[in-house]
Amino acid sequence: MEQALQTTTDPDRVMTVWLDVAGKPVNTCSPQMLDELVALLDEIEHQPPAAVIFASAKPRSFNAGADLTEVGKMNASALADYLARGQALFERIARLRIPTIAAINGDCLGGGFEMALACNQRVAADDSSISIGLPEVKLGLIPAWGGTTRLPRLIGLRRALPILLAGKTMPPRKALKAGLIDEVVRSEALQAAAGRLAREPLRRRKLSMADRAIASIGPLRRRALEAARAQTLEKTLGNYPAPMKLLDVVAAGYADGFEAGLRAEREAITSLASGPECQNLLRVFFLRQGAKKRLARQLPAPPHAVHYAAVIGGGTMGSGIAHALVRAGIQVRLVEVNPAAASSALARIRKMLDQDVAEGRLDKLATRHAMNHVVPTTDWTGLRLADIVIEAAFEDLAAKHQVFARLDKLCRPDAVLATNTSSLRVTDIARAVANPSRVVGLHFFNPVPKMPLVEVVRTAQSGDEALSTAAALAGQLGKIPVLVGDSPGFLVNRVLIPYLAEALVMADEGAPIATIDLAMKRWGMPMGPFELLDEIGLDVAALVLRSESPSGAAPALPAAVEQAIVQKWLGKKTGRGFYMHPATDRKRSKNAGPLEVNTELAAMMNTTVGARAESPDEQAIQWRLVLPMVNQAAGALREGVVDSADTIDLASVMGMGLAPFRGGLIHFAETAGLAEIARRLDELAAQHGQRFAPDSLLRDLAARGATFSELTPAPSAANMVLVPTTGVNTHAHL
Amino acid sequence: MTGADQSSVAILNGARTPLTRAGTLFKEVHVTDLARSTMQETLYRCELAAGRVDEVVFGNVVMPADAANPARVAALWAGIPNAVPALTVQRNCASGMEAVAHAAASIRAGDAQAVLAGGAESMSMTPLLFPHSAVAPFTAMAKAKSAFRKAAAASHFRPRHFKPVAALECGLTDPTCGMIMGKTAEILAREFGVTRKEQDDFALRSHQKAAAAADKLNDEISPYYAGERFEPVTADNGPRPNQTPEALAKLKPIFERRDGTVTVGNSCQVTDGAACMLVANADWARAEGRDVLGYVRGYAVAGLDPSRMGLGPVFAIDRLLRKTGVSLNDIGLFEINEAFAAQVLACLKAIGSPEFARKSLGRSEPLGEVDPERLNVNGGAIALGHPVGATGARLVLTLLMEMRRRDGELGMAALCVGGGQGAAILLERK
């Protein structure tokens, strides 16, 4: 087996250890790597060099931590052994009496960063694409190679806890400010800097008095940890055990000493790894990693390179899309109706770039280049240069027909014409074009910079090359593309809409808005349905609810909501919707207090027929709102809108933020058991209406005792059947 | 037999920013950004990918201190690949035209097929200069290591070291004859008997023509989005639609206070702006099936007495006509840069003067007549402004677009150049 590391020693006896896992693009702390490091440590302890520099021979990777695929194959004892070996190894590195330096030239995550933490000094290349940190918590684990115990000692409990609990990773300059690393240098100077640090180590910054006090004075420390515990519980609502365990480990490390801390780390991992939350989070992680490959299999045609793109419409979505394009280095011709609109679009893009700078993703010079890549026009010239056009203009079919007819004439025959429409049929829009095989949907989510999912919409006529070009572009923009059929709501909105509509019905029946929202947050949604409606905007939501649902899927909009729209109670954008959004609070921090309910609207909703004195219990709310989503997902699968349950799981987590610890919408359903799901739907149908009737596919699988995951995914284009535009649900399977 | 080759140089299309009075809408816009936007817009209008440009050449006079070779800086901002060379040329007021001529020469030499050529100027950002005598004490301060030495160095400063000099004023003064440009116009006014009234009438016409042409000029203008708020600037702000003879008559002469006739009203305005076009090998353009605005038939420059630099166009035109074998009467449309009304009027008189032809041009007949109805038909620098490095290119673009409108065959643009030169270009549409 090829080696995972090499060493070189310079004339001054400074040894550089070059990490280089054979045959892989990134370095990981694989079992083989650990073994070789152990052997190396034996040598170093026996005959110490003047100093040791840990570096990477791979151009864009330092060490990304444990190899999760290998970890996934380990049983409990193998895992415990792996953990112990890593801990012991890093402990030996930490104990070396000679200077140890980590020269970070690429992503340095998890175990990779723990190795760096065991070194005396850490220096990183000034490249904002590098990620540094301990993201284990996001996978339902904790840093278990000494990171949980070492980081608070390095930067103090107060600074370490937020970073550990959130699994925060950051680019080098931010990592420097946070104290995670000691120096940032120009990329070409990294090795030279490491050499310099080997000879003249930087003086360690001592912890402040306050930090030392918190660390050593028991009651102070316990108070800090309690506060963190309470805060975390408020955020996770008990759904994520990993951060809570992490706090236990930190406490043990301080109360009972470093060794005890390490032991606590091992025990915590073993217990977390076997739990459903971790397994589900890992599941989602692997789905995410595999998304591009899955799409490449579904769309094997080679994509065209995209150097020039055009964006039609510079509103919220259009400017977000343009921003993503220029961040990827693509030239953008931004088409707007008049100079004032173009000016607003440019300002929006600039704001997103400023946010990138504030969050350390870009430096100012890069934003100037990016901004220079956006060239607005109001006269539609220059479109022949576009390899792809993304239309994000007014959601009106006649208007889009005009746009596409124009594009058809102005663009090259091989250019892909994509629409960001969410409420119209891409097939209908494609009618305006002579060759509809070049028309696809590219559905981004709002806000574009934050939402990772993109639905690549295929019509019956969309060509393979157009689709693979669009999908490849989405990947280039750093998004996760999923292939969906051209059906109302595609996938995500289709699933979300009955959920929102049902929430409105429940409120209309008298259930308190805040209770419903809390119930859903406790279930695992990032925010409750009414908070979400306020974010989307009640007017937009109403439009969407009316047009994006397959017929019969969603109940009618309550009258009170129509009235609210008339009164301009549209949600966050007008300061008042289901909740009050006072202007000063507009940029709420995540830790702000709960929103105040708009009591006038609440009163309007409770005066309709059937207002009840007691509100339904939390579980009842959750089942009643989640099951319509499951039902829609089943329908989408049955109609061939998506190829597999895995795609639905990925899209539900990435597109809606749906309870990542549940592993996805379908996985949740299968965990609960399809028979149980069908039974509860029948109950709800009897109580509240036929809209709850289980989807035929769901009923069929439940009856046979089969699962969604067992359905063979449709590998090729031909098997994806699309709903005809009449909106009639045909039970069609090729 | 004819001096000029069969035209092998085409101009495909171009774009310019609005022209704005210095100190107004573009006062914080860097000249490289003005240039960049015209380069990008030109490429989009020509539907040419940035990677297919062979060379970039732009005229610029003030030369920003923080962007050496502004053409190169602008080209890189514009997304033109690193591998495409770029240069900045300077022939004072004719720099923009010189850029087009340089592009044509590159193409004729077979060194390039597609060249972005133009000119840009930010007169707003012309620096205020410390006098050169201040360099020594400032340098001593910078080098001084201790507080004591710094104090010693500081003691060498004098009040005169802090009196700033407007580089603009310096730049507009020719050191070899010690005259600011306006003074040379006064000399011509007297020599050719151009009255104050004639100058003011000419200035009024410039404003009227520019105001009337505002819609037409939209064809060549590409909006610029200025500043942090991306304020859309869509039109030239120099032309005064409500200019009156009375308002012009009230102005006092600025270059010769007592007996002069040249005022701010009948001189060109100090302005910011940029213009760009794609100059290409005509055969290449034809093979690619690209639309062409016109062709470069010839270019000429001539030198003359710096104190009478305003006559530069006449000498350059003389050369160009000889070179191309074309006669003045064949030319359907003219752009003669309106540095000063007096100067353009003097040129027109010289062009039609047999005596001038004999004495100064060595011709037995005068050059011909320039019909005022065919001269600067959409207004000139008196109304639109004269961003010095850009104007030469702007005139070519404006002329070609108007030739297209009129389906004209031959057009000529010419400028006078501070320091005693003239430049002229002959354009044709086949």
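Scroll up for the structure.
Keep in mind that this is a model prediction, so the values were computed, not measured. (Residues numbered from 1 in each chain as written. Chains lettered and ligands numbered in written order. Predicted model: local features only at pLDDT ≥ 70, side-chain atom pairs only at ≥ 80, totals over all residues. Heavy atoms only, no water.)

**Examining empty space enclosed by the protein**
One pass over the full model with this rule turns up seven cavities of 30 Å³ or more. Its volume calculated, the largest cavity comes out at about 70 Å³. Together, Tyr308, Gln331, Val375 and Leu385 of chain A together with Gln40, Leu43, Tyr44, Leu48, Ala50 and Ala78 of chain B line the largest cavity. If one sorts the elements of the lining of the largest cavity by residue count, helix 1 (residues 31-46) of chain B sits on top with three residues. Its residues assigned to classes, the lining of the largest cavity shows eight nonpolar, two polar and no charged. In this structure, the second largest cavity occupies an estimated 50 Å³ of space. For the lining of the second largest cavity, the secondary-structure elements that each account for two or more residues are helix 1, strand 3 (55-59) and helix 2 (70-77) of chain B. Of the residues assigned to the lining of the second largest cavity, the class counts are seven nonpolar, four polar and no charged. (1 Å grid on protein atoms, 1.4 Å probe; cavity = no way out; pocket = protein on both sides within 12 Å on 5 of 7 lines; lining within 4 Å. Points joined across faces, edges and corners; volume = space filled by probe spheres on them. Helix = DSSP H or I, 4+ residues; strand = E, 2+ residues; numbered from the N terminus. Nonpolar A, V, L, I, M, F, W, Y, C, P; charged D, E, K, R; others polar.)

**A short note on the packing of aromatic side chains**
For the structure on display, the rule yields 17 aromatic pairs over all chains. Relative to Phe668 of chain A, the ring of Trp523 of chain A lies with its centre 5.0 Å away and its plane at 85°, an arrangement referred to as edge-to-face. Placement of the pair is Trp523 of chain A in helix 21 (residues 513-523) and Phe668 of chain A in helix 28 (residues 665-672), with a sequence separation of 145 residues. These aromatic residues form a ring-pair network of at least three members: Phe130, Phe138, Phe157 and Phe162 of chain B. Lying over the aromatic face of Tyr254 of chain A, Arg153 of chain A brings its terminal NZ or CZ to 4.8 Å of the ring centre. (Phe/Tyr/Trp six-rings, centres within 6.5 Å; stacked < 30°, edge-to-face > 60°. Lys NZ or Arg CZ within 6 Å of the ring centre and 35° of its normal.)

**Things to note about the interface of chain A and chain B**
With 22 residues of chain A in contact, the opposing surface of chain B contributes 20 residues. Summed over both sides, the interface of chain A with chain B buries roughly 1,900 Å², with 60% coming from carbon and sulfur. When the buried area of chain A at its contact with chain B is split by residue, Arg368, Asn372 and Leu385 of chain A rank highest and sum to 26% of it. Viewed at the interface, chain B and chain A are joined by two salt bridges. Asp33 of chain B is the salt-bridge partner of Arg368 of chain A, the closest N and O atoms lying 3.2 Å from each other. Taken together, the links from chain A to chain B amount to six residue pairs in polar contact (both at pLDDT 80 or more). Looking at the side of chain A that touches chain B, the elements with two or more residues in it are strand 12 (331-335), helix 15 (339-358), helix 16 (364-372) and strand 13 (374-377) of chain A. (Contact = heavy atoms within 4.5 Å. Buried area = accessible area lost by both parts, 1.4 Å probe. Salt bridge = Lys/Arg side-chain N within 4 Å of Asp/Glu carboxyl O. Polar contact = N/O pair within 3.5 Å; in protein donor to acceptor, adjacent residues only side chain to side chain.)

**Notes on the pairing of strand 13 (residues 294-303) of chain B**
Residues and elements named next belong to chain B. With respect to burial, strand 13 is a largely interior element, seven of its 10 residues being buried. Bridge count for strand 1 (residues 9-16) against strand 13 is two bridges, and the pairing is antiparallel. Bridge pairing links Ile11 to Gly294 in strand 13. In this sheet, strand 16 (residues 421-428) lies alongside strand 13 in antiparallel orientation, the contact comprising eight bridges. Bridging from a neighbouring strand, Gly298 pairs with Leu426 of strand 16. (Buried < 20%, exposed > 50% of the residue type's maximum accessible area, 1.4 Å probe, protein only. Pairing = 2+ DSSP bridges.)

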